Structure formats: structure tokens, C-alpha cells
Amino acid sequence: KAGVTQTPRYLIKTRGQQVTLSCSPISGHRSVSWYQQTPGQGLQFLFEYFSETQRNKGNFPGRFSGRQFSNSRSEMNVSTLELGDSALYLCASSRLEDNEQFFGPGTRLTVL
Amino acid sequence: AQSVSQHNHHVILSEAASLELGCNYSYGGTVNLFWYVQYPGQHLQLLLKYFSGDPLVKGIKGFEAEFIKSKFSFNLRKPSVQWSDTAEYFCAVNARAAGNKLTFGGGTRVLVKP
């Protein structure tokens, strides 16, 4: 079956702009989590959505937000971009029952 | 809050050598434990996981890991590495009370010389 897909794969923005990233989970998976990966901070949890509700949130400022739709697809939004937001943003999906998460290829965001 | 530490940032070894990567976590409750691998240019893939039961778990590609509860450790091992094992390896912990939130270690870059 198809894996987790993320669009776009690459994105270049300038400071102050906002960006929306999209994630389509594996069919049947209802939980979607987002992570930020940077060389300095490694992999950090942003938030998790299940049944259109945010179930968990990491320690990121309010500029980072997300949502989940009824078909389990998820989007994350970053407003007022800063240079430090340059990172690989990873989406992971899982069935709720077993917590095993499957990761997508990520969206590489560069903020200039 | 839980934390995960991986002892080695970089490991260089030759083919056929044995590999052991250390992982310790800090959390007082019940956890699920994972090792993920990220091959160059590819996305994170699950190597193995521990939820309960036998503390010695076997994963894909000949990897295994041992959960030692008293030491809060979950070390990854492979008896004989291949050049294709060159990758970055991440240990991750999920506190069962925290939904699907994974806390990752800093990663270990492994270079296997042919």
C-alpha cells in the first residue's frame, strides 16, 4: 500500500511569510504526527492529530499550528517565518492501536 | 518530560565488524521503544520496536536490540555490518501516556568502510 506522502517536497520562503505543508497518511491510519528535523536540534515533536483533534503538542511557539481533516489528511502551518524555521518537516502516521509510526519523506523548508 | 541520549555521535567501522549503539532514556513510566534508520537520501524507517514481552527484540536487516529496564537502556546491535548499513540511526521513546509522541535521541551516524 502507498506510504505517507508529503507535499511539497521542497519550499523556499522569505522571512515574515507563512507556509502550509500537507501530509496524506497511509490509508486507514487515523493518527498523524509532525516533527521538525534540524542539524542542531535533531528530531523534535511538533504535534499529533487524531480524529481532527490535536492530541499532543510539543514545545514550539504558537506560530506553528496544524489541523486534520475528516479523511485524516493533515496540514501544518507556520506563520511569520524566521530563519531558524529552516528544517526538514516530517509527517508520520499510525494506527492508534499500536503506536508504530510510519514516516513520510519530509518537506525541506528553506527560509531566506 | 522524557529525554533520550545516544552515546556516540559518529561511528566508523569496517565491513563484517560488529556494531553496538547505545541508547538511554529518562522516564519513570511505561514506555515503548524504537530504533529508526535514515539511509542517505531516504526517509526514516523503523528497524525494530519494543512494546512488551521478551526484552530481546529482532528487527529487519539482522538488527536486534535489548531492553534493560533497570538501566533504562535499549541498545542496538548487529553482529556483522555491511557497507549498506551506512546510515544515521535514531533511538526513540514513546511514553504510553503521551499518545504517539516520540522523543528522539540525537542520532548516531554510522559509516561502514568497504
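Scroll up to find the structure.
Residues numbered from 1 in each chain as written. Chains lettered and ligands numbered in written order. Predicted model: local features only at pLDDT ≥ 70, side-chain atom pairs only at ≥ 80, totals over all residues. Heavy atoms only, no water.

Within chain A, the secondary structure is distributed over 0 helices and 11 strands. Starting at the N terminus and ending at the C terminus, chain A contains elements arranged as β-β-β-β-β-β-β-β-β-β-β. For chain A, the C-alpha radius of gyration of 13 Å lies close to 13 Å, the compact-globule estimate for 112 residues. Along the longest, intermediate and shortest principal axes, the C-alpha atoms of chain A span 40 × 25 × 25 Å. Across the 112 residues of chain A, 52% fall into the buried class. At a minimum sequence separation of 6, the contacts of chain A that also span at least 24 residues come to 53%. Surface accessibility of chain A: about 5,300 Å² in total, with carbon and sulfur atoms responsible for 48%. A distance of 6 Å separates the average location of the 12 positive side-chain charges in chain A from that of its 8 negative side-chain charges. (Helix = DSSP H or I, 4+ residues; strand = E, 2+ residues; numbered from the N terminus. Rg over C-alpha atoms; globule rule 2.2 N^0.38 Å. Buried < 20%, exposed > 50% of the residue type's maximum accessible area, 1.4 Å probe, protein only. Contact = heavy atoms within 4.5 Å. Areas by Shrake-Rupley, 256 points an atom, 1.4 Å probe, with all protein chains shown as cover. Lys, Arg positive; Asp, Glu negative; His and termini not counted. Charge placed at Lys NZ, Arg CZ, Asp CG, Glu CD.)

So, about the state of the cysteines. All chains considered together, the criterion is met by 2 disulfides over all chains. For A:Cys23, the disulfide goes to A:Cys91, at an S-S distance of 1.7 Å. In this structure the cystine formed by A:Cys23 and A:Cys91 twists about its S-S bond by roughly -55°; its chirality is therefore left-handed. Here A:Cys91 lies in strand β9 (residues 87-94) and A:Cys23 lies in strand β3 (residues 19-24), a separation of 68 residues in the sequence. Judged by relative accessible area, A:Cys91 falls into the buried class, the value being 0%. The disulfide partner of B:Cys23 is B:Cys91, and the gap between their sulfur atoms is 1.9 Å. Across the S-S bond of B:Cys23 and B:Cys91 the torsion is about -65°, and the bridge reads as left-handed. In this pair, B:Cys23 is assigned in strand β4 (residues 23-26) and B:Cys91 in strand β10 (residues 87-95), connecting sequence segments 68 residues apart. Summarising the burial analysis for this pair, B:Cys23 and B:Cys91 share the class buried. (Disulfide = S-S within 2.5 Å.)

Another aspect to go through is the interface of chain A and chain B. Listed per partner, the contact involves 20 residues of chain A and 17 residues of chain B. Together, the buried faces of chain A and chain B total about 1,500 Å²; carbon and sulfur atoms form 52% of this surface. The largest contributions to the chain A side of the interface with chain B come from A:Leu43, A:Asn99 and A:Phe103, which together make up 37% of the buried area. Our count for the contact surface shared by chain A and chain B stands at 1 salt bridge. In this structure, B:Lys49 engages A:Glu100 in a salt bridge whose closest nitrogen and oxygen atoms are separated by 2.3 Å. Where chain A packs against chain B, one counts 9 residue pairs in polar contact (both at pLDDT 80 or more). The set of elements that each furnish at least two residues to the side of chain A that touches chain B consists of β4 (31-38), β5 (42-50), β6 (53-57) and β9 of chain A. With 4 residues, β4(A) is the largest single contributor of residues to the side of chain A that touches chain B. (Buried area = accessible area lost by both parts, 1.4 Å probe. Salt bridge = Lys/Arg side-chain N within 4 Å of Asp/Glu carboxyl O. Polar contact = N/O pair within 3.5 Å; in protein donor to acceptor, adjacent residues only side chain to side chain.)

With 28 residues, the main nonpolar core has B:Trp35, B:Leu48, B:Phe74, B:Leu76 and B:Tyr89 as its most contacted residues. Ranked by size, the runner-up nonpolar core spans 21 residues in total, among them A:Val4, A:Leu21, A:Val78 and A:Tyr89. (Core = buried A, V, L, I, M, F, W, Y, C linked by side-chain atoms within 4.5 Å.)

Among the secondary structure elements, A:Gly84 is positioned in the loop between β8 (74-78) and β9. Between the alpha carbons of A:Gly84 and A:Thr38 there is a distance of 9.3 Å; along the sequence they are 46 residues apart.

Residues and elements named next belong to chain A. On the basis of which strands lie adjacent, the open sheet formed by 4 strands has the order β1-β3-β8-β7 and antiparallel pairing. Sheet topology places β1 (5-7) and β7 (64-68) at the edges, where each strand pairs with a single neighbour. Mean inter-strand twist for the sheet, computed between neighbouring axes without regard to direction, equals 20°. (Pairing = 2+ DSSP bridges. Axes fitted to C-alpha atoms, helices over the stretch in contact; angles between N-to-C directions.)

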